[in-house]
Amino acid sequence: MLYALLKAFFWTLTHLLCRYRVIGREHIPRSGPVLIVANHLVWYDPALLASIFPRRLWFMAKIEAFRWPLIGLGARLTGQIPVQRGQSDRAALELALAYLRQGRAVLIFPEGTVARQGHLLAAHTGAAMLALRTGAPILPVAHSGTRHVFVGRRALWPRVDVQIGELYRPQVPEGVARKAALKAVTEELMRRIALMTPLEERGPYETLLSETEGLAEHADTTPQPPVAGAAHQPKDA
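Just so it is clear, the model here is predicted, and its values are computed rather than measured.

Description of the pattern of salt bridges
Piece 1. Per the stated rule, a full pass over the model turns up 6 salt bridges.
Piece 2. The salt bridge partner of E188 is R192, with a shortest N-O separation of 2.6 Å. Of the two residues, E188 and R192 are both situated in helix α6 (residues 178-195); the distance of 4 residues between them amounts to about one turn of the helix.
Piece 3. One salt bridge connects E206 with R202, and the closest N-O pair in it is separated by 3.2 Å.
Piece 4. E206 sits in the partly exposed class, given a relative accessible area of 26%.
Piece 5. In this structure R202 comes out as buried when scored by relative accessible area, which is 13%.
Piece 6. One connected set of salt bridges, linked through shared partners, spans R21, R159 and D161.

Laid out in structure tokens, this is it:
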């Protein structure tokens, strides 16, 4: 009941504060465990995403936010996940694991902090660990424009875009070391977020995207071996 009331409040507040557009709602699973990964621009991001998702979300947030008046109380009473920043918070990860195993939708910001520089930051591997440990599918989300809500010259009803990518399950080849697997899954989920992010906000992942595109172009121009079983065509004499 409390979550529904808070969601209605933030839905109304969001409509009053900004003009937002959502693309990809059809990718949101209606039930079952799902790990939602998104870029982080301002403190309001969890409220924004909770207000537009049709199902209840449990999000990971810095423990300091749980001490804020009203917002902190709401976060505690609705079972959100406090995270001690700057260290490996095992308790927070275990709670997120438990929520996913219960079939819940967990929202995490892989960067671990607000990107005050205006572009994506290098991500931590916590989201990758949760996905690999639980087998939960990943739902990438990218949004832009929320940093203009409340502050700045464009604070008066700014435009906010939210794009929801396709649901997917990370694939890791057998025999890959755990550290390498976590890195690969993290890079993949951030690559998917970056693809939906404005070019100037991609940060270090713009290079990763360029390298990926270069490899794809190289693969397209590399001669392919003959298909097994195909008839051999003799050369002209």
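That was the structure; now back to the text.
Thoughts on helix α4 (residues 90-101)
Piece 1. The end-to-end C-alpha separation of α4 is 16 Å, in line with the 16 Å expected for 12 residues at 1.5 Å each.
Piece 2. Among the residues of α4, those classed as buried are A92, L93, A96, L97, Y99 and L100. On an axial view of α4, the arc spanned by its buried residues comes to 160 degrees, and they lie on one face. Every exposed residue of α4 that faces more than 90 degrees away from the buried side is listed here: R90, A91 and R101.
Piece 3. Of the surrounding elements, those touching the buried residues of α4 are β2 (34-38), β3 (57-62), β4 (81-83), β5 (105-108) and α5 (126-134).
Piece 4. At the N-terminal end of α4, a side-chain oxygen is found 3.3 Å from the backbone nitrogen of A91, two or three residues along, and the residue is D89.
Piece 5. Phi for G103, located one or two positions after α4, is positive at around 85 degrees.

Considerations on the pairing of β2
Look at any regular strand and the pattern is simple: side chains alternate between the two faces of the sheet.
Piece 1. The element β2 is largely enclosed, with a buried count of 5 among its 5 residues.
Piece 2. Across the two faces of β2 the burial is the same, with V34, I36 and A38 and L35 and V37 all buried.
Piece 3. Bridge analysis of β2 against β5 gives 4 bridges, and the strand direction is parallel. Paired with V37 across the two strands is I108, which belongs to β5.

As for the sheet that holds strand β1 (residues 19-23)
Piece 1. Sheet architecture is open: 7 strands sit in the order β1-β7-β6-β2-β5-β3-β4, paired in mixed fashion. The sheet is open, and its two borders are formed by β1 and β4, each paired with just one other strand. For this sheet, the mean angle separating the axes of adjacent strands, direction not counted, is 20 degrees.
Piece 2. Note that β3 and β5 share 3 bridges and pair parallel. Bridging from a neighbouring strand, F59 pairs with L107 of β5.
Piece 3. Here helix α2 (residues 45-52) sits on the sheet in contact with β1, β2, β3, β5, β6 (138-144) and β7 (159-164), set at roughly 65 degrees to β7.

Each value, and the rule that gives it
Numbers given for residues are sequential positions, taken from 1 along each chain in its written order. Reporting of local features is limited, given that this is a predicted model, to residues whose pLDDT is at least 70; pairs of side-chain atoms are given and counted only at 80 or more, and all residues count toward the totals for whole chains, interfaces and linings. Neither water nor hydrogens contribute to the side-chain values; these are computed over all heavy atoms in the structure. Criterion for a salt bridge: a side-chain nitrogen of Lys or Arg within 4 Å of a carboxyl oxygen of Asp or Glu. Helix and strand definitions here come from DSSP, where helices need a minimum of 4 consecutive H or I residues and strands a minimum of 2 consecutive E residues; each element is numbered from the N-terminal end. A 1.4 Å probe rolled over the protein chains alone gives each residue an accessible area, and that area as a share of the maximum for its type sets the label: buried under 20%, exposed over 50%, partly exposed in between. Take the number of residues in a helix, subtract one, and multiply by 1.5 Å to get its expected span. Note that the arc is computed from the directions linking the helix axis to the C-beta atoms. It only takes one pair of heavy atoms within 4.5 Å for two residues to be counted as in contact. Side-chain atoms alone can form a polar contact between residues adjacent in sequence; in general such a contact is a pair of N or O atoms within 3.5 Å, and within protein one must be able to donate a hydrogen while the other accepts it. DSSP calls a pair of strands paired once it identifies at least 2 bridges connecting them. Convention adopted: a line fitted to C-alpha atoms gives each axis, helices being fitted over their contacting stretch, and angles between N-to-C directions are expressed from 0 to 180 degrees.

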